[in-house]
Every structure is written in structure tokens, then in C-alpha cells.
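One-letter residues, chain by chain:
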Amino acid sequence: MKYYIRSKGDATSNALKAKMERHMTNVNLIEDQDNPDIVISIGGDGTLLQAFHHYTHRLGETAFVGVHTGHLGFYADWLPHEVEKLVMAIHEEEFEVIEYPLVETIIRYTHNGRESRYVAANEVTVKTINGATLVTDVTLRGQHFERFRGDGLCISTPSGSTAYNKALGGALIHPSIEAIQLTEIASINNRVFRTVGSPMILPKHHTLVVTPCNEDRFQVTIDHLSADHKDIESIQFRVANERIRFARFRPFPFWKRVHDSFISSDES
Ligand code: NAP
């Protein structure tokens, strides 16, 4: 079992990383930053997102575990005082691997059939570069659906449904459901311009394509990573074939995490 520990970089997370590495050495576990079987992220959900993007080329081989040094996270659900127990469980390989869906994004450019592909664990957002109104055609399964005008569009995974999507009024989706969710970011709706206005949940194999109507330069944000893209012909979204794998050492049901994060951490 080869491991790598990624810290958020603050003093608390770094100290916990050093402590965990000592425990790992004591049980002869091997550190391998390039080809880890298991990646432990210490910090928060944002730290786990960074770790995920570092290893998107080997999602089939690497499983993730999150330890939180701040508040309870959706991906980071182990507590600092539990790390010794965690090391022993890794050493004895006493865990199951659970898999959550990702969203695949393919950006196609107007020149030379060029395209780029990304996967996101939380969501992808599409906005204009200069803050002007985004005007795009939205196509679902090859059929024109609507012309969107507004601040942007958010396409999220089930595990990302508790993040940006939630702030946009999207539904919380259990990560066992293979789907992506489209939510609007401040659409313009009046007698002239009309969008559906409701979040929409698309099953696996349904494709969603966003096509620029006038401006072909967009800001596309994949989880925490933003980049400006120009000469965009279209952007396609669907459930990705690959998945993010989590090493689960004890049950912590999704709805319990939702309750503890958003309602109360009390047992009552
Ligand atoms: P950030 O702006 O530093 O933090 C965003 C917050 O989202 C953090 O509290 C983070 O938790 C939390 N978060 C991340 N993934 C989550 C999930 N799956 N469920 C519930 N909460 C989650 O940015 P960041 O840490 O680099 O994270 C990037 C994420 O920020 C994006 O993927 C997006 O979902 C989110 N975001 C949210 C809004 C919004 O709610 N209005 C706007 C922009 C971006 P931790 O503190 O544990 O890291």
C-alpha cells in the first residue's frame, strides 16, 4: 500500500501530516507521491479537490481520504484525533472503496478541430470573462432547449450538489445516483427573454451542450480552477466514465453529512 499525504499548508495541517507520516513509517507503509494507492488530504474539502486534480490521470488506481482540520467536510470527514486509527486501518487494508460520479467537460474550439477535456468532482461553471451577460444556446440530447441569458451556468456532480449548486438553489443529490445537474446563475427572465428557471437533473448518457451566441470567450471554472478560453465552438457536459474513489473505513452516510453540515452537529 503506497500512500501520499497532501496538506492544506497551514501549521495545524502540516503538523498533522508530520504526525501521520511518523505513524505510517512505524508500520512500514511506503510514501510514493507519483503513484500512490491512497491519498490522504489534510485540510478541508478544498484540499481534497486539489489532491483530486493532481491525480486525475490515475483515478482508477488511487483512492482518497480526507481529514479535516477546520469544520466537517463532505470529502474531508475524518477528525485529527482519529489519524492513528486511520493509519492502522490503511495498514491492515480494512476499508472498502466507494465511487462517486464526476462531470466530464469537453471544450471544442473553432480552429482545427481542437478540443480539451476535463473532469470535475464538484462542478463546472461557465461565465463571461468580463462580467457581461452570458448568452448561450443550451442543447439537450441534440435538441435545442433554450437560449440562456444571465450570469452563468453551473453543471454539478451529485457530491458537488452540496457546494456551489446548493447556493444556487439546486437539489441535493445522493452520490449513488449517476447524474449531472444544471443550475442557472441569475438568469434574465422577462416578457422578452425566457429560460426554464428550474434546476435540471440529467441521467447518465444524456449530453448537454452549451454554444456561444455572440461572444466566444468564456471563463470556465472546473472545481477551484478557473481559466479563460477563447474561440469556443461548444462545451459539452455529461456524466464521466471515470469516477472518484474514496476509501471508506466506517459508515458516514451522505444524508448524515448533510444534516451535520447544514442543520446541526447534535445527535438530537
Ligand atoms: P473556497 O472559496 O475557498 O471554499 C468554498 C467552500 O466550499 C469551502 O467552505 C469548502 O469547504 C466548500 N466545499 C467544497 N466542496 C464542497 C462540497 N462538495 N460540499 C460542500 N461544501 C464544499 O474554494 P475551494 O475550497 O477551493 O473550493 C472550491 C469550491 O468552492 C467550488 O468547487 C465550489 O463548489 C465552491 N464555491 C461555492 C460558491 C458558493 O457557495 N456561492 C461560490 C464559488 C465556489 P472547506 O472549507 O472544507 O474547504
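Because the structure is a prediction, the values reported are computed rather than measured. (Residues numbered from 1 in each chain as written. Predicted model: local features only at pLDDT ≥ 70, side-chain atom pairs only at ≥ 80, totals over all residues. Heavy atoms only, no water.)

> Summarise the UniProt feature "binding site: NAD(+)" (unreviewed entry) in the protein; cite the residues concerned and give the values.
Residues given the UniProt feature "binding site: NAD(+)" (unreviewed entry) here are D45, G46, N122, E123, R149, D151 and A186. For the residues just named, distributed over 142 residues, the greatest C-alpha separation reaches 31.1 Å, placing them at more than one site. Filtering out sequence-adjacent residues up to four positions away, D45 remains in contact with G73, F74, Y75 and A76. Among the polar contacts listed, one links the side chain of D45 to the backbone nitrogen of F74, at a separation of 2.8 Å. Discounting chain neighbours no more than four positions away, the residues touching A186 are R149, G150 and D151. (UniProt positions renumbered as here; feature names shortened; annotations may be inferred. Contact = heavy atoms within 4.5 Å. Polar contact = N/O pair within 3.5 Å; in protein donor to acceptor, adjacent residues only side chain to side chain.)

> An account of the pattern of salt bridges is requested, with residue identities and associated values reported.
Counting across every chain of the model gives 14 salt bridges. Between E178 and K204 there is a salt bridge, with its nearest N and O atoms 3.7 Å apart. Pair noted here: E178 is in the loop between α4 (164–167) and β11 (179–187) and K204 is in the loop between β12 (200–203) and β13 (208–212), with a separation of 26 residues, a long-range link. For E178, a relative accessible area of 29% puts it in the partly exposed group. One salt bridge connects D260 with K256, and the closest N-O pair in it is separated by 3.2 Å. Taken together, the residues span about one helical turn, with D260 and K256 both in helix α5 (residues 254–263) at a distance of four residues. What makes K256 partly exposed here is its relative accessible area of 31%. Here the salt bridges share partners, and the residues they tie into one network are E99, E178, K204, R243 and R245. (Salt bridge = Lys/Arg side-chain N within 4 Å of Asp/Glu carboxyl O. Helix = DSSP H or I, 4+ residues; strand = E, 2+ residues; numbered from the N terminus. Buried < 20%, exposed > 50% of the residue type's maximum accessible area, 1.4 Å probe, protein only.)

> Describe the site of the ligand, naming the residues involved and giving the relevant values.
Around the ligand, the structure places 16 residues, and the nearest of them are D45, G46, H71, E123 and T162. Here an oxygen atom of the ligand sits 2.8 Å away from a polar atom, N or O, in the main chain of D45. Within the backbone of G46, one N or O atom sits 2.8 Å away from an oxygen atom of the ligand. Surface burial for the ligand is 61%, taken as the share of its 830 Å² of free accessible area covered by protein chains. If you list the elements that add at least two residues to the shell around the ligand, you get α2 (45–54) and α4. Considering every element that reaches the shell around the ligand, the biggest residue donor is α2, with three residues. Per-class residue counts for the shell around the ligand are six nonpolar, seven polar and three charged. (Near = heavy atom within 4 Å. Areas by Shrake-Rupley, 256 points an atom, 1.4 Å probe, with all protein chains shown as cover. Nonpolar A, V, L, I, M, F, W, Y, C, P; charged D, E, K, R; others polar.)

> Any details on the packing of aromatic side chains? Residues and values, ideally.
Following the criterion strictly, the structure yields eight aromatic pairs and no others. Each ring, one from W78 and one from F249, has its centre 5.7 Å from the other, and the planes form 85°; the classification is edge-to-face. Here the residue W78 occupies a position in strand β5 (residues 76–78), and F249 occupies one in the loop between β16 (232–248) and α5, the gap between them amounting to 171 residues. The class of W78 is buried, set by a relative accessible area of 5%. Following the ring pairs from residue to residue traces out a cluster consisting of F74, F254, W255 and F262. One residue, R114, lies across the ring of Y109, its end atom 4.2 Å from the ring centre. Stacked on the ring of F262, the Lys or Arg K166 has its end atom at 4.3 Å from the ring centre. (Phe/Tyr/Trp six-rings, centres within 6.5 Å; stacked < 30°, edge-to-face > 60°. Lys NZ or Arg CZ within 6 Å of the ring centre and 35° of its normal.)

> Help me get a handle on the environment of T133, residues and values and all.
For T133, the position within the fold is in the loop between β8 (123–128) and β9 (134–140). Note: C-alpha distance between T133 and I188 (55 residues apart in sequence) is 8.9 Å. T133 has contacts with T128, R149, G150 and I188, leaving out every residue within four places of it along the chain.

> So, the pairing of strand β14 (residues 218–222): which residues are in play, and what are the values?
Within β14, four of the five residues are buried, which leaves the element mostly enclosed by the surrounding structure. Direction of pairing for β8 relative to β14: antiparallel, over a ladder of five bridges. For V126, the partnering residue across the bridge sits in β14 and is V220. In the sheet, β14 pairs with strand β15 (residues 225–229) via five bridges, with the strands oriented antiparallel. Each residue of the ladder has a partner; that of V220, found in β15, is A227. (Pairing = 2+ DSSP bridges.)

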